[in-house]
Amino acid sequence: MDFHILVSMVVWTVSGAVLLFVLMFVDSLFTRYNDLEELKAGNMAVTTRFVMKLLAQAFILSSSIAASNSLPDALLVSIVSFFLLLILERTVRFLLAKWGNLDLDHGTQLGKIGYGLLSGSLQITGALIISAFM
């Protein structure tokens with residue numbers, strides 16, 4: 001392994017981590033509660049959703065990096081994938097609210113683990129679907 005590969009690995013890792021942080025922050029803007037405050041308060045449903053969302057975003061980022069030879073391309077694919085995932089999740093949440101009378105954000109904020117698991121599983125499922133295209 002030469003020096004260029006080591007430097008590239010550091011640059012790709014730092015870039016990916018920064019993008020992941022930004023995407024998680026943007027995602028937190030779309031919930032009706034403050035993720036960090038709920039995490040600090042020990043809300044396990046929010047923690048479960050947050051961890052599953054983090055895994056889903058990391059999987060998409062990992063897939064886009066593995067499929068790309070260009071850092072800007074990999075980051076762009078990850079950003080587009082994030083918005084696809086957001087649209088997919090919001091659509092399913094809307095349908096669950098209308099057809100099943102399930103408000104995932106409210107139930108998650110109340111600490112109902114099942115709501116957090118369902119919400120997080122939407123993220124992972126969407127990430128697997130999106131990553132299949134890469």
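Just so it is clear, the model here is predicted, and its values are computed rather than measured. (Residues numbered from 1 in each chain as written. Predicted model: local features only at pLDDT ≥ 70, side-chain atom pairs only at ≥ 80, totals over all residues. Heavy atoms only, no water.)

A.B. asks: Any chance you could explain the pattern of salt bridges here in plain terms?
C.D. replies: Side chains carrying opposite charge are able to pair once their charged atoms draw close together. Counted according to the given criterion, the structure contains seven salt bridges. A salt bridge links R49 to E89; the shortest N-O distance between them is 3.7 Å. On the criterion of sequence distance, the pair formed by R49 in helix 3 (residues 44-67) and E89 in helix 4 (residues 71-100) is long-range, its members being 40 residues apart. The burial state of R49 is the same as that of E89; both residues are buried. For R93, the salt bridge goes to E89, with nearest N and O atoms at 2.8 Å. In this pair, R93 and E89 are both assigned in helix 4, four residues apart and thus about one turn of the helix distant. Take R93 and E89: they sit in the same class, and that class is buried. Residues participating in the shared-partner salt-bridge network are D27, R49, K53, E89, R93 and D105. (Salt bridge = Lys/Arg side-chain N within 4 Å of Asp/Glu carboxyl O. Helix = DSSP H or I, 4+ residues; strand = E, 2+ residues; numbered from the N terminus. Buried < 20%, exposed > 50% of the residue type's maximum accessible area, 1.4 Å probe, protein only.)

A.B. asks: Explanation requested: the side chain of Q123 in the structure shown.
C.D. replies: Examined against the element boundaries, Q123 turns out to sit in helix 6 (residues 113-131). Q123 gets classed as buried once you look at its relative accessible area, which sits at 0%. Beyond its immediate sequence surroundings of up to four residues, Q123 is in contact with R49, M52, K53, A56, L85 and E89. (Contact = heavy atoms within 4.5 Å.)

A.B. asks: For this particular structure, what's the right way to read the nonpolar core?
C.D. replies: Within soluble globular proteins, side chains that are nonpolar tend to cluster in buried spots. Residues W12, L19, L20, L23, L61, L71, A74, L75, F82 and L86 constitute the largest nonpolar core, which totals 10 residues. If you list the elements that add at least two residues to this core, you get helix 1 (3-28) and helix 4. Ranked by residue count, the leading element in this core is helix 4, at five residues. In this view, A74 contacts W12, S64, I65 and S68; residues no more than four positions away in its chain are not counted. I60, L85, A127 and I130 belong to the second largest nonpolar core, which has five residues in total. (Core = buried A, V, L, I, M, F, W, Y, C linked by side-chain atoms within 4.5 Å.)

A.B. asks: Just checking my understanding: could you explain helix 4 for this structure?
C.D. replies: At 3.6 residues per turn, the α-helix brings residues three or four places apart onto the same side. Its 30 residues give helix 4 an end-to-end C-alpha distance of 42 Å, which sits within 8% of 44 Å, the value for a rise of 1.5 Å per residue. Within helix 4, burial applies to L71, A74, L75, S78, S81, F82, L85, L86, E89 and R93. Where helix 4 is buried, its residues meet helix 1, helix 3, helix 5 (104-109) and helix 6. A positive backbone phi angle near 55° is found at N101, which sits one or two residues after helix 4. (Expected span 1.5 Å × (residues − 1).)

Don't take any of this as a statement about function, it's just geometry.
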